[in-house]
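# Tertiary structure, described
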Amino acid sequence: MKNNYTIINVRKLAALDIAFHGPKFILIEFALGVIGCAALGLFSMYFGLFHGPNHSLFAFIIGCFLLWIALNYVPLLIYAVSIVRHKSAQQEIAYQLEHRGKYAGKYLRQSTLLLIPLTVPALAFYQEMQKRTHL
């Protein structure tokens, strides 16, 4: 099925990653993205608040940024688990695979949205709401 998103579809991004890198690798990557970034973020925030007065604001800001990145990985992990359970990665991205030239660069470039705090959860929420209103 063709999609008309000008910005990447978050679920399709997860499906593309699974199709190209394998489900085990992607589930580990996304889980580490959530757990690892959250742990480092909390540690940095704790360190910034309770230790080292010279760098406390910087450590706190880095901690917040890492927590926001962890939140970006949450929808990707949820989608990846669903896609792997249903073994639907190839089916969900069939159109994109047929038109690789058009979509490969788009998804590669726009996957940098992971670095912008809270972008992926906001996109995922918006896209899910759009999907539900068009049913």
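A short tour of the structure in this document, coming up. (Residues numbered from 1 in each chain as written. Predicted model: local features only at pLDDT ≥ 70, side-chain atom pairs only at ≥ 80, totals over all residues. Heavy atoms only, no water.)

## Some details on helix α3 (residues 56–86)
Compared with the 45 Å implied by 1.5 Å per residue over 31 residues, the 45 Å span of α3 between its first and last C-alpha is a close match. Trailing α3 by a residue or two, Lys87 shows a phi angle of about 50°, which is positive. (Helix = DSSP H or I, 4+ residues; strand = E, 2+ residues; numbered from the N terminus. Expected span 1.5 Å × (residues − 1).)

## Details of unusual backbone geometry
Here the phi dihedral of Lys87 falls at roughly 50°; this positive angle occurs in a residue that is not glycine. Along the chain, Lys87 turns up in the loop between α3 and α4 (89–92). A positive phi angle is found at Leu118, which is not glycine, with a value near 65°. Counting through the fold element by element, Leu118 comes out in the loop between α6 (100–110) and α7 (119–133). With a relative accessible area of 39%, Leu118 lands in the partly exposed category. (Buried < 20%, exposed > 50% of the residue type's maximum accessible area, 1.4 Å probe, protein only.)

## A word on α7
Here α7 is 15 residues long and its end C-alpha atoms lie 21 Å apart, about the 21 Å a rise of 1.5 Å per residue gives. Taken as a whole, α7 has its buried residues at Thr119, Val120, Leu123, Ala124, Gln127 and Glu128. Down the axis of α7, the smallest arc covering the buried residues is 155°, so these residues share one side. Along α7, exposed side chains directed more than 90 degrees from the buried face belong to Phe125, Arg132 and Thr133. Structurally, α7 contributes buried residues whose contacts are with α1 (10–21) and α3. (Arc of directions from axis to C-beta. Contact = heavy atoms within 4.5 Å.)

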